[in-house]
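Descriptive analysis of the structure
The chain contents come next:
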Amino acid sequence: MSNIMPLADSPARDPALPGPPAVEKYLEQAREAERDGDWSFAVECYDRALYCVTEDPRRVTEILRWTGSVHRQRGDTELALELYEASITIAELNELDDQLASRYNSLAIVKQFS
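Attention here is on the structure that accompanies the text. All values derive from a computational prediction rather than experimental measurement.

**A word on the overall build of the chain**
Scanning the chain from N- to C-terminus turns up five helices and zero strands. Of all 114 residues assigned to the chain, the portion counted as buried reaches 42%. Taking all contacts inside the chain whose residues are at least 6 apart in sequence as the whole, residues at least 24 apart take part in 51%.

Structure (structure tokens):
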């Protein structure tokens, strides 16, 4: 697995440079870590991606849900629930109705098996 891109080198940290390349790199690294079962690294990558997209509520809800799913896989259902609920709240506040079904589905999976 490749090393994580240093946060200090992230294009999203410099307002003169676009942020999406950094976000996509972090998301790619997170998904690779998930496939490898490296849950801690996946969470770290998702956290870094989240840091870069705080102004984009749609991406925030996605990343919160993905991070919640990693915590669910790790067995930390309480934290997974908190992240899913935060994702739902942000989606509702920003009227992202198309995002709600997958967020509620993730929440239901945890509640069903808790």
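Text resumes after the structure shown.
**Here we look at the side chain of Glu 62**
Inspection of the secondary structure puts Glu 62 in helix α3 (residues 57–74). In this structure Glu 62 comes out as buried when scored by relative accessible area, which is 15%.

**Here we look at unusual backbone geometry**
A positive phi angle is found at Glu 95, which is not glycine, with a value near 55 degrees. Here Glu 95 shows up in the loop between α4 (77–93) and α5 (97–113). Given a relative accessible area of 66%, Glu 95 falls into the exposed group.

**Describing α4**
Between its first and last C-alpha, α4 extends 24 Å over 17 residues, near the 24 Å set by a 1.5 Å rise per residue. Backbone geometry just after α4 places Glu 95 at a positive phi near 55 degrees.

**As for the packing of helix α1 (residues 20–36) against helix α2 (residues 39–52)**
Relative orientation of the contacting elements α1 and α2 amounts to 165 degrees, with a least axis distance of 8 Å. By the criterion of interaxial angle, the relationship of α1 to α2 is roughly antiparallel. As α1 packs across α2, the resulting crossing turns out to be left-handed. Two secondary-structure elements touch here, α1 through Ala 22, Val 23, Tyr 26, Leu 27, Gln 29, Ala 30, Arg 31, Ala 33 and Glu 34 and α2 through Trp 39, Phe 41, Ala 42, Cys 45, Tyr 46, Arg 48, Ala 49 and Cys 52.

**Re the environment of Gln 29**
Mapped onto the elements, Gln 29 comes out in helix α1. Gln 29 gets classed as buried once you look at its relative accessible area, which sits at 1%. C-alpha separation for the pair Gln 29 and Glu 44, spaced 15 residues apart in sequence, amounts to 9.6 Å.

**A few points about a negative patch on the surface**
Where like charges cluster on the molecular surface, the negative patch consists of Asp 76, Glu 78, Glu 82 and Glu 85. Here Asp 76 is to be found in the loop between α3 and α4.

Calculation criteria
- Residues numbered from 1 in each chain as written.
- Predicted model: local features only at pLDDT ≥ 70, side-chain atom pairs only at ≥ 80, totals over all residues.
- Heavy atoms only, no water.
- Helix = DSSP H or I, 4+ residues; strand = E, 2+ residues; numbered from the N terminus.
- Buried < 20%, exposed > 50% of the residue type's maximum accessible area, 1.4 Å probe, protein only.
- Contact = heavy atoms within 4.5 Å.
- Expected span 1.5 Å × (residues − 1).
- Axes fitted to C-alpha atoms, helices over the stretch in contact; angles between N-to-C directions.
- Parallel < 35°, antiparallel > 145°, perpendicular 65-115°, else oblique.
- Left-handed = near helix turned anticlockwise from the far one by under 90°.
- Patch = residues over 30% accessible without salt bridge, like charges linked within 9 Å, V, L, I, M, F, W, Y side chains within 5 Å.
- Areas by Shrake-Rupley, 256 points an atom, 1.4 Å probe, with all protein chains shown as cover.
- Salt bridge = Lys/Arg side-chain N within 4 Å of Asp/Glu carboxyl O.
- Lys, Arg positive; Asp, Glu negative; His and termini not counted.
- Charge placed at Lys NZ, Arg CZ, Asp CG, Glu CD.

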